[in-house]
Amino acid sequence: MLETTRTYRAKIVNHSQVSDDLDQCGFSASKLWNVARYYTQGRWDEDGEIPDDGELKSELKEHERYRDLHSQSSQRVLEELAESFTSWYKARQRGDENANPPGYRKHGDEHPRSTVTWKQKGIKHDSKHNQLRLSKGFNHKESPSDFILCEYETRPDVTVENIQQVRAVWNGDRWELHLVCKVEIPVEDAPGDNTAGIDLGIKNYLAIAYDDGDAELYPGNVLKQDKHYFTRDEYDTEGENGPSRCALRARQKLSRRKDHFLHTLAKHIVERCIDHEVGRIAIGDLSEIREDENGEARNWGKRGNKKLHGWEFDRFTRLLEYKAEEHGILVDRTNERDTSKTCWCCGRKRDANRVERGLYVCELCGATMNADVNGALNIRRKITQNPPTGDMSNGRLARPVAYLFTQTSGSFHPREQVGCEP
C-alpha cells in the first residue's frame, strides 16, 4: 500500500446557510494579507530584506486581524504571502522585468474573498452525514462553541477520510470546498522491466523514448493557444482595484484548462508506459534551469523569462510521479545537463549539431533525429546503459509519432487520427 494525499472538490449543499460566514472568513483572510503585505513592504523599503513566514507570524500574532481567523488559518495566509514574495524576488534576480510583487487584495473599498485554509485543529469531520465543522476566528465567534457547519457533496466514487486540510475557495459565483485527504492506495506490480526517457520542453511539452525504439512527441500548442486567447485585451483588463470580474473568470478558466491538460497528459503517459511494459521512467530534472553553471541567476531574456515562468515542469513531474507510483512505476528525476547537445548515437557533444529547432544532425556519425527525441534518449541513458532494441533508423527518429490534445474529446490522439476527424 502507498500512503499519499489527494485533493477532492466538494459542493457545499447548504451554501445559502453558510455563505455569509464564509464571506466573512474570506474577507478576513484578505485583510490579514493586506496587513502582512504592508509590513513586508516596510521591511523591504527599510533594509531590502523580505521577512519569512516565521517573522510574519511572530510580529503579527497579536494583531487584531490575526484573531479574525482560526490561528492555523491565519498562519496559512502569512505563509502564502511569504511564498509569493520569495517567488517574486527570485524572478527579480533572474532579471524578469515583468515580475511584480504580490499586491494588496482590494476591490475599491471592499476586500475580495480570499481562499481560507483550515488545518486539522480547526476541523471536525462527520463522515456519516457528510458534514464539516470549521472553526471561526475568536473575533467572529458569538460563543466559545460557534463554528461553520458545512454539508458537502463529492463525486460518488470518492470516499472522504483522514482529512488533513480544508480549503474554502471562491470560484467566482459561489464557495466550494477542496478537501485534502491522506489516502492509502494499493500499488500494482511494475508492468515490466523496460525503461523510458522523457525530455520536457516548451514547443513540444514532452518527448518520450521507449526501450523498443518507439518515440512520441506531445506538442504544447493547446496551452499556447489557450494562453493567447484568455489573455487578450478584452479579458486581461486590470485597473487600480485589481483585475476585472471578466479577467478573473478568464484566468480561472485558463487555470482549469491547464489543469485538465496536465492531468490528462500524465495519465496518458502512464498508460503508454504500461503498454510498453515500462517499470522505470527517467525525466529531466529542471529545478536548476533558472541557474547557470556557477549557481548564478540565469537570464533567458525578456521573452524567455516569461515563457519559463509559465512552464510548470515541476507540477507536471509531481503529477506523473503520483500517477505512475500507483502502477508500480518508478519516476527518476535526472540531471539533463548537455542532453540536448550530445548525440545519442556516438556521444559527441556539440551545440552546432542542433541545426534547426526540431532537428538534430551529427556531423561525426551522420545520425539525424528529432532534437527532443535525442534529448529523451540521452535522459533514458541516465538510468540504463542498455540501448533500445527496436528500429532506430534515422527516418523513424526524425519523424516520431506526434500525439495531439483535442478539446472536444479531452484526450490525446495521434496526429493522423486527429487530422482525419470531420
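A brief look at the structure comes next. From a predicted model like this one, the values you see are computed outputs, not experimental measurements.

So, about unusual backbone geometry. For N130, which is not a glycine, the phi torsion comes out positive at approximately 55 degrees. With respect to the helices and strands, the residue N130 is situated in the loop between β3 (123-126) and β4 (131-135). At E277, a residue that is not glycine, the phi angle is positive and equals roughly 55 degrees. Take E277: its relative accessible area is 46%, and that puts it in the partly exposed class.

Our focus in this paragraph is the environment of S30. With respect to the secondary-structure elements, S30 resides in helix α1 (residues 15-47). For S30 and P112, which are 82 residues apart along the polypeptide, the C-alpha to C-alpha distance reads 6.5 Å. Not counting residues within four places of it along the chain, the set of residues in contact with S30 comprises R105, H111, P112, R113 and S114. Polar contacts involving the side chain of S30 include one to the main-chain carbonyl oxygen of P112, which spans 2.6 Å.

Before going further, it helps to spend a moment on the sheet that holds strand β2 (residues 116-119). Pairing is antiparallel across the open sheet formed by 7 strands, whose spatial order is β2-β6-β7-β1-β5-β4-β3. The strands lining the two open edges of the sheet, one partner per strand, are β2 and β3. Strand after strand, the sheet turns through a mean of 30 degrees between neighbouring axes, direction not considered. Across 7 bridges, the pairing between strand β6 (residues 163-170) and strand β7 (residues 175-185) is antiparallel. Note that in β7 the partner of W170 across the bridge is W175.

What follows deals with the sheet that holds strand β18 (residues 411-414). As summarised here, the arrangement of the 7 strands in space is β14-β13-β8-β9-β10-β17-β18, forming an open sheet in which the pairing is mixed. Edge positions in the open sheet fall to β14 (330-335) and β18, since each of these has one partner strand only. Between one strand axis and the next, the sheet turns through 25 degrees on average, direction left out of account. Pairing of strand β13 (residues 278-285) with β14, which is carried by 6 bridges, proceeds in the parallel orientation. Residue pairing across strands places R280 opposite L330, the latter belonging to β14. The sheet contacts of helix α5 (residues 245-275) involve β8 (194-200), β9 (204-210), β10 (215-219), β13, β17 (401-406) and β18, and relative to β9 the element is tilted by about 10 degrees.

Rules and cut-offs
- Residues numbered from 1 in each chain as written.
- Predicted model: local features only at pLDDT ≥ 70, side-chain atom pairs only at ≥ 80, totals over all residues.
- Heavy atoms only, no water.
- Helix = DSSP H or I, 4+ residues; strand = E, 2+ residues; numbered from the N terminus.
- Buried < 20%, exposed > 50% of the residue type's maximum accessible area, 1.4 Å probe, protein only.
- Contact = heavy atoms within 4.5 Å.
- Polar contact = N/O pair within 3.5 Å; in protein donor to acceptor, adjacent residues only side chain to side chain.
- Pairing = 2+ DSSP bridges.
- Axes fitted to C-alpha atoms, helices over the stretch in contact; angles between N-to-C directions.

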